[in-house]
Amino acid sequence: MSAEVKAGVAPSPPYAEVAGASPISDSEGSLTAVHSNYVPAQMEKHLEFLDFNSSGDLIVGASSLTTRYWSGSLWYYRKGVVEEDITNPEMCLTGVDLETGVLDGRFVQDKQMVLGLDSGGVVMVNLTREQDGDRVTHYLEQQTAVVEHEDILTGLDLWEVDGSVATVGADQRLNIFSPSLALVHTFHPAHARFISSVACSSKPHILATASREGTVRVWDTRQTRPARTVYRSENRPPSCITWSGEQEIVVGSSTGDLIVVDTRGKGKENLFQDQIFDREVTRFRWSPDRSRLAVAEDDVKVGLVRVKEGQVVVDMVDTRHTDYVRGLAWSGEDTLWSAGWDHKVVRHEV
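Since the model is a prediction, treat every value here as computed from it, not as a measurement.

## Some points on the pattern of salt bridges
Line of reasoning, step 1. Per the stated rule, a full pass over the model turns up 16 salt bridges.
Line of reasoning, step 2. One salt bridge connects Asp-171 with Arg-173, and the closest N-O pair in it is separated by 3.7 Å. In terms of burial, Asp-171 and Arg-173 fall into one category: buried.
Line of reasoning, step 3. Across the pair Glu-349 and Arg-347 runs a salt bridge, and its minimum N-O distance is 2.6 Å.
Line of reasoning, step 4. Look at Arg-347 and you get partly exposed, because its relative accessible area is 34%.

## A few points about the sheet that holds strand S16 (residues 195-200)
Line of reasoning, step 1. Read across the open sheet, the four strands follow the order S16-S17-S18-S19; overall the sheet is antiparallel. Of all the strands in the sheet, the pair left with one neighbour each is S16 and strand S19 (227-232). When the angles between neighbouring strand axes are averaged without regard to direction, this sheet yields 20°.
Line of reasoning, step 2. Where S16 and strand S17 (residues 206-211) come together, five bridges link them in antiparallel fashion. Looking across to S17, one finds that Cys-200 is bridged to Leu-207.

## Some points on the side chain of His-321
Line of reasoning, step 1. Among the structural elements, His-321 can be located in the loop between strand S27 (311-318) and strand S28 (325-332).
Line of reasoning, step 2. For His-321, a relative accessible area of 2% puts it in the buried group.
Line of reasoning, step 3. At 3.0 Å, the side chain of His-321 and the side chain of Asp-342 are in polar contact.
Line of reasoning, step 4. For His-321, the contacting residues outside a window of four places in its chain are Val-300, Val-302, Ser-338, Ala-339, Gly-340, Asp-342, Lys-344 and Val-346.

Thresholds applied
Residues numbered from 1 in each chain as written. Predicted model: local features only at pLDDT ≥ 70, side-chain atom pairs only at ≥ 80, totals over all residues. Heavy atoms only, no water. Salt bridge = Lys/Arg side-chain N within 4 Å of Asp/Glu carboxyl O. Buried < 20%, exposed > 50% of the residue type's maximum accessible area, 1.4 Å probe, protein only. Pairing = 2+ DSSP bridges. Helix = DSSP H or I, 4+ residues; strand = E, 2+ residues; numbered from the N terminus. Axes fitted to C-alpha atoms, helices over the stretch in contact; angles between N-to-C directions. Polar contact = N/O pair within 3.5 Å; in protein donor to acceptor, adjacent residues only side chain to side chain. Contact = heavy atoms within 4.5 Å.

Rendered as structure tokens:
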């Protein structure tokens with residue numbers, strides 16, 4: 001296992017800044033928003049992710065997985081959009097075509113997003129605007145994608161404390177990027193087989209990865225030997241992971257199990273016995289207060305659970321989707337949103 005460190009590269013100035021476009025302002029009440037001509041004509045069928053910023057604005061990522069060439073797009077909606085309008089291009093503030101399918105995306109700041117691409121790259125996207133008198137047009141401006149994987153991206157997560165990014169791919173590589181997407185660390189091979197998930201801890205430099213070989217590893221990138229295995233199971237290989245506090249990890253398996261793992265090396269694992277899923281767990285998303293965890297699998301189900309003293313307690317299971325659920329996001333403590341390959345966004349009041 002090797003760790004490589006590369007120096008950061010100063011990002012080039014945004015195109016809109018060079019072109020003289022005005023920065024985004026919160027005081028736009030007197031301006032008339034104009035629909036940009038650069039917004040894609042239609043949204044691809046397969047919705048992959050959604051995320052809300054602190055202002056309540058929403059982004060949605062979509063991919064076309066059944067056409068001759070895989071493609072993707074990113075869509076930006078203002079706060080207050082209703083679920084029925086999210087798949088209507090006319091109702092968005094702006095959008096942009098992507099050169100490849102998209103795996104995941106998150107707000108880094110209120111007007112800045114990072115996307116993980118099927119090409120193995122990550123790209124920063126900024127919301128910018130151009131003003132003409134009392135009319136304003138918004139654009140999503142892509143920076144140059146950073147491609148440090150040799151195969152498709154399989155997982156992306158952020159450290160909320162500073163916006164650093166961690167990615168894993170089918171090339172068995174783990175990459176750590178600075179907030180400006182300069183490569184800071186790369187570990188290869190991070191696992192012996194396909195890496196399925198990555199999760200950043202609330203602590204800087206600490207993260208976890210999961211692999212189809214049946215292991216979960218916790219990493220401290222400050223150490224010379226940064227990784228240690230905290231979970232191993234060939235019968236329940238991990239497919240998705242998330243931190244529950246600083247010492248526990250919730251593991252979703254390819255068999256649909258939910259397991260709570262103590263990372264302190266005490267050999268403590270709690271398997272949730274009343275299995276609500278029977279297919280591979282693909283997404284986790286905590287509520288803003290981290291009291292409830294939304295779960296999605298390779299099915300139409302959206303689950304809501306709590307983790308109490310190392311045990312999983314089920315609050316809700318919803319089956320309104322008609323195809324695989326992929327995106328999960330919270331717009332408040334009690335409002336969960338889900339998006340799926342059925343080209344539908346569902347709002348759950350929980």
